[in-house]
Amino acid sequence: MSTVYTLAGLNFIICIGIASSCICRLGAGDKRVLRRIRAFYQASLAISITAALGPVLPMWLRFWPDIVTTIFAGVVFFGFLCDAYRWRHGAPADVKSDHAPLSELPEIKP
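Analysis parameters
- Along each chain, residue indices are assigned from 1 in the same order as the chain's sequence is written.
- Restriction of local features to residues with pLDDT of at least 70 applies here, the model being predicted, together with a cutoff of 80 or more for giving and counting side-chain atom pairs; totals for whole chains, interfaces and linings are based on all residues.
- Computation of side-chain values covers all heavy atoms of the structure but excludes hydrogens and water.
- Two aromatic rings from Phe, Tyr or Trp, using only the six-membered ring of Trp, form a pair when their centres are within 6.5 Å; if the ring planes differ by under 30 degrees the pair is stacked, by over 60 it is edge-to-face, and anything between is tilted.
- Note on classification: 1.4 Å probe, protein chains only; a residue is buried when its accessible area is under 20% of the maximum for its type, exposed when over 50%, partly exposed between these limits.
- Secondary structure elements are defined from DSSP: runs of H or I of at least 4 residues count as helices, runs of E of at least 2 residues count as strands, and each element is numbered from the N terminus.
- An expected span of 1.5 Å times one less than the residue number is assigned to each helix.
- Throughout, the arc means that of the directions going from the helix axis to the C-beta atoms.
- Should any heavy atoms of two residues lie within 4.5 Å, those residues are counted as being in contact.
- Each patch is assembled from residues with relative accessible area greater than 30% and no salt bridge, linking like charges that lie within 9 Å and nonpolar side chains (Val, Leu, Ile, Met, Phe, Trp, Tyr) that lie within 5 Å.
- Where accessible areas are quoted, they stem from the Shrake-Rupley method and a 1.4 Å probe; at the residue level, only the protein chains shown are allowed to cover.
- We define a salt bridge as a contact between a side-chain nitrogen of Lys or Arg and a carboxyl oxygen of Asp or Glu at a distance within 4 Å.

This part covers the packing of aromatic side chains. For the coordinates displayed, the defined rule picks out four aromatic pairs. Taken together, a centroid distance of 5.0 Å and an interplanar angle of 70° make the contact between F40 and Y41 edge-to-face. Note on F40: relative accessible area 43%, which makes it partly exposed. Judged by centre distance (5.7 Å) and plane angle (50°), the ring pair of Y41 and F80 falls under tilted. With Y41 in helix α2 (residues 35-52) and F80 in helix α3 (residues 67-82), this residue pair connects regions lying 39 residues apart in the sequence. The two residues Y41 and F80 agree in class, both being buried. The structure contains a cluster of three or more aromatic residues connected by ring pairs, namely F40, Y41 and F80.

Quick look at α2 now. Here α2 contains 18 residues, and its C-alpha end-to-end distance of 25 Å stays within 8% of the 26 Å for a straight helix at 1.5 Å per residue. Here α2 has its buried residues at I37, Y41, S44, L45, S48 and A52. Considered in projection along α2, the buried side chains sweep an arc of 100° and stay on one side of the axis. Exposed side chains of α2 directed beyond 90 degrees from the buried face belong to R35, R36 and I47. Against the buried residues of α2 lie α1 (2-28) and α3.

The subject of this paragraph is a nonpolar patch on the surface. Where nonpolar side chains cluster on the molecular surface, the patch consists of F12, I13, I16, I49, L53 and V56 and spans about 530 Å² of accessible area. Examining the composition of the nonpolar patch, we find that three residues originate from one element, α1, more than from any other. With respect to the secondary-structure elements, I16 resides in helix α1.

Further remarks concern the pattern of salt bridges. Pairs can form between side chains of opposite charge once their charged atoms are near each other. Counted according to the given criterion, the structure contains one salt bridge. Linking R25 and D83 is a salt bridge whose minimum nitrogen-to-oxygen distance equals 3.6 Å. Of the two residues, R25 sits in helix α1 while D83 sits in the segment after α3, which places them 58 residues apart along the sequence. Each member of the pair, R25 as well as D83, is classed as buried.

Rendered as structure tokens:
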């Protein structure tokens, strides 16, 4: 039974790390960040909080993480850590959406 509690504690720590990373990235982005990117981080935040609090949820929702889910959460967290350098000073350029520069369109030559 201590293995179950150890995995639950480790999964909790990893999922809280994922949730905090999602909160930071949602805060670093502004209104110009693409909707699909914001939706991805909002969904990741909701799933990680649910997975972190799985053992204390009501009986019909209770979820005890096993080794596979803990490893999967660790891989997701590692992916967020590897991508952290791009988000250090705001949202990266490839996830932003902005107005099209009309002067560079080929059919509108001045």
